[in-house]
Amino acid sequence: MAGPFFTFGAALAGIWVIIAIHEYGHYYAGRSIVEIPAESITVVEPYLPRYVALHDGEGWVSPGEPEQYRRAYEQYDPDGENIERFLAAGELVQAAVVVPIAVAVGLLVSVEIGVAILLLSLLSTAAYVVIDLIATLYTGTPSGDYSQLWESTPMLPIFLLLGFASLHVIPLLFLT
């Protein structure tokens, strides 16, 4: 049986990897769907939380600077045709990568580890949604993926969150 320090360290490492997968989902959408050139988009590491930065012609802009970030994004998608895909890609890629890995680990290695991976993915997203909500209420401006999706298409973040949760809960029920 693993000790509490090992378990805590493994959970932190798992969250670190899940966040990386999420951010690279945004990066992938930015490069392949929005067609942002590689020199104008990057995943800022090794910080926690990681984030996708965009180059606005003068320097790198983080999502923490919403107006500048939006202007940098609009250089590549002026009509906002792909904004929903770009914003949702983190959750979609996270679910598409993490859930099959968790199920495979649960079936082939350890049910407990597979369940832990699914729970860490759900928890990281739940924390992200709560932080997004609090920051949005505090600043009065959309501060994360879900609040920005809500601003453009109100039902989309609800369906995204329900789909994301379902893709995790169904394997949890299957594994336990």
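The coordinates are above.
In this text, all values refer to a predicted model and were calculated from it rather than measured experimentally.

(A) The arrangement of helix H1 (residues 4-32) in detail. Between its first and last C-alpha, H1 extends 42 Å over 29 residues, near the 42 Å set by a 1.5 Å rise per residue. By the burial criterion, the buried members of H1 are Ile18, Ile19, Ala20, Ile21, His22, Glu23, Gly25, His26, Ala29 and Gly30. In the core, the buried residues of H1 are packed alongside strand E1 (41-44), strand E2 (51-55), helix H3 (83-108), helix H4 (111-139) and helix H5 (145-152).

(B) Here's a closer look at the packing of aromatic side chains. Applying the stated criterion to the full structure yields two aromatic pairs. Their ring planes at 70° and their centres at 6.0 Å tell us that Tyr24 and Tyr27 sit as a pair that is edge-to-face. Of the two residues, Tyr24 and Tyr27 are both situated in helix H1; the distance of three residues between them amounts to about one turn of the helix. With relative accessibility at 23%, the residue Tyr27 sits in the partly exposed group. Geometrically, the ring pair formed by Tyr73 and Phe86 is tilted, given 5.2 Å between the ring centres and 35° between the ring planes. Residue Tyr73 is located in helix H2 (residues 66-74), and its partner Phe86 is located in helix H3; the two are separated by 13 residues in the primary sequence. Here the two residues Tyr73 and Phe86 agree in accessibility, since each one is buried.

(C) Here's a closer look at the layout of surface pockets. One number sums up the size of the largest pocket: a volume of about 740 Å³. Grouping the constituent residues of the lining of the largest pocket by class yields 17 nonpolar, ten polar and five charged. Estimates place the volume of the second largest pocket at around 390 Å³. Every residue lining the second largest pocket is counted, 16 residues in all, and those nearest its centre are Ala10, Ile113, Ala116, Ile117 and Leu120. Mapped onto the lining of the second largest pocket, the elements with two or more residues apiece are H1, H3 and H4. In terms of residue count, H1 provides more of the lining of the second largest pocket than any other element does, nine residues in total. The residue inventory of the lining of the second largest pocket, partitioned by class, reads 13 nonpolar, two polar and one charged.

Parameters and conventions
- Residues numbered from 1 in each chain as written.
- Predicted model: local features only at pLDDT ≥ 70, side-chain atom pairs only at ≥ 80, totals over all residues.
- Heavy atoms only, no water.
- Helix = DSSP H or I, 4+ residues; strand = E, 2+ residues; numbered from the N terminus.
- Expected span 1.5 Å × (residues − 1).
- Buried < 20%, exposed > 50% of the residue type's maximum accessible area, 1.4 Å probe, protein only.
- Contact = heavy atoms within 4.5 Å.
- Phe/Tyr/Trp six-rings, centres within 6.5 Å; stacked < 30°, edge-to-face > 60°.
- 1 Å grid on protein atoms, 1.4 Å probe; cavity = no way out; pocket = protein on both sides within 12 Å on 5 of 7 lines; lining within 4 Å.
- Points joined across faces, edges and corners; volume = space filled by probe spheres on them.
- Nonpolar A, V, L, I, M, F, W, Y, C, P; charged D, E, K, R; others polar.

Shape descriptors only; they carry no functional weight alone.
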